[in-house]
Amino acid sequence: MSESSIQLKVFESANGNLPPLTPVQEEILRLKKERKAVLLVHNYQCAEIQRVADFVGDSLGLSYQAEAAKDAEIIVFCGVHFMAETAKIVNPSKKVLLPVMEAGCSLADSCPAEELAAYKAAHPEVYVVAYINCSAEVKALADVICTSGNAKKIVDQVPADKEILFVPDQNLGSWVADQTGRKISLWPGSCYAHVLFSVKEIEKAKKAFPKAPVLVHPECVAGVRALADIVCSTEKMVDYCKNSSADTFIIITETNMLERLRNEIPNKKFVAGPTAVCACNECKFMKMNTAEKLRDCLRDMTPEITMDEDLRSRAYIPLKRMLEWSKR
Ligand code: 13P
Ligand code: SF4
């Protein structure tokens, strides 16, 4: 078999040179104002959507923003379903809209609530730490929630005598076990996109850019994490690249992350993490949201996240615990 020849994709800083707003973007900005809506956008959304956001960030930052959205009447969430659901859990009096209700998450799907309930019935002593990438039903069964941005901090605060079950991401869970020295049982879930990064192709990228620090999201497998200069959440990637004296970075996470980096950080280069078959790695769920669907959602005020109040209040307990522990 011949050696693969993936052409690495390099994102240069925009240095303030942004294209003019499109008519759809103009409409979004107008509707947002009319509706008194706040637009919360995850780092993996396309550049067109990031551009019109009120806040772009990681799951942790977005949860705090959703909780703090006191003045807005409506929260429009451009991300995936569990993120919009989290906004509803922390701020139930707001109407929460998600442009595409089918925008799911393979990690969330890998932990059905009935299976976790059965596990807990068989192991009643376990202390469940749930990564925020899970359904409201799974959150309601958890003792505390974490994100990739605070997972170590949260697990460090779990009482030492507790046996921890980490759901649903086995990769983040094993990274946290390494970081904290805690013995942690892992749920066998994973992100279909982050497990695709290729050690061999990243090693080639390191050869091509030998001075470039490698930033890896903790949802990646251990072999990929072992190549990192830093393993961190998407928001910490922004801070790291801003504060580093390096001028080029290899970014091992969903490729739209590089749009945020190039738009916010001047005079630097960002190399997209390659898989075995492609220079890019986009999350098909995050990609379901488009500027047109966002415009339609704001215009028609649908689809809306709705939730039974009993479920919401149960899911809020471990989420509130996370928001408090994360500030300590
Ligand atoms: P962050 O919280 O680091 O943004 O990650 C969210 C996510 O879904 C990663 O795949
Ligand atoms: Fe879920 Fe993975 Fe997509 Fe993140 S990148 S939303 S973990 S499927």
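What counts, and at which threshold
- Residues numbered from 1 in each chain as written.
- Chains lettered and ligands numbered in written order.
- Predicted model: local features only at pLDDT ≥ 70, side-chain atom pairs only at ≥ 80, totals over all residues.
- Heavy atoms only, no water.
- Near = heavy atom within 4 Å.
- Polar contact = N/O pair within 3.5 Å; in protein donor to acceptor, adjacent residues only side chain to side chain.
- Areas by Shrake-Rupley, 256 points an atom, 1.4 Å probe, with all protein chains shown as cover.
- Pairing = 2+ DSSP bridges.
- Helix = DSSP H or I, 4+ residues; strand = E, 2+ residues; numbered from the N terminus.
- Right-handed = clockwise from strand over helix to strand, strands pointing away.
- Buried < 20%, exposed > 50% of the residue type's maximum accessible area, 1.4 Å probe, protein only.
- Contact = heavy atoms within 4.5 Å.

Caption draft 1: View of the site of ligand 1. Every residue near ligand 1 is listed here: His42, Tyr44, Asp58, Ser59, Tyr131, Asn133, Ser148, His194, His217, Glu219, Ser233 and Thr234. Between serine 59 and ligand 1, the recorded distance is 2.9 Å, taken from a side-chain N or O atom to an oxygen atom. Asparagine 133 has a polar side-chain atom sitting 3.2 Å from an oxygen atom of ligand 1. Contact with the protein chains hides 96% of the accessible area of ligand 1, taken as 300 Å² for the molecule alone.

Caption draft 2: Region of interest: the pairing of strand β13 (residues 269-272). Judged from the 3 bridges that link them, strand β1 (residues 10-12) and β13 form a sheet pairing that is antiparallel. Paired with valine 10 across the strands is valine 271, a residue of β13. Alignment of strand β12 (residues 248-252) against β13, held across 4 bridges, turns out to be parallel. Bridge pairing in β13 links isoleucine 250 to valine 271. With respect to chirality, the unit in which β12 leads through helix α13 (residues 257-264) into the neighbouring parallel β13 is right-handed.

Caption draft 3: The environment of lysine 162, seen in detail. Relative to the assigned elements, lysine 162 resides in the loop between α8 (151-156) and β8 (163-167). Taking relative accessible area as the criterion, lysine 162 reaches 37% and is therefore assigned partly exposed. Distance in space between the C-alpha atoms of lysine 162 and valine 126 is 6.9 Å, their sequence separation being 36 residues. Residue contacts for lysine 162: discarding those within four places in its chain leaves Tyr127 and Arg182.

So yeah, pure geometry; function would need other evidence.
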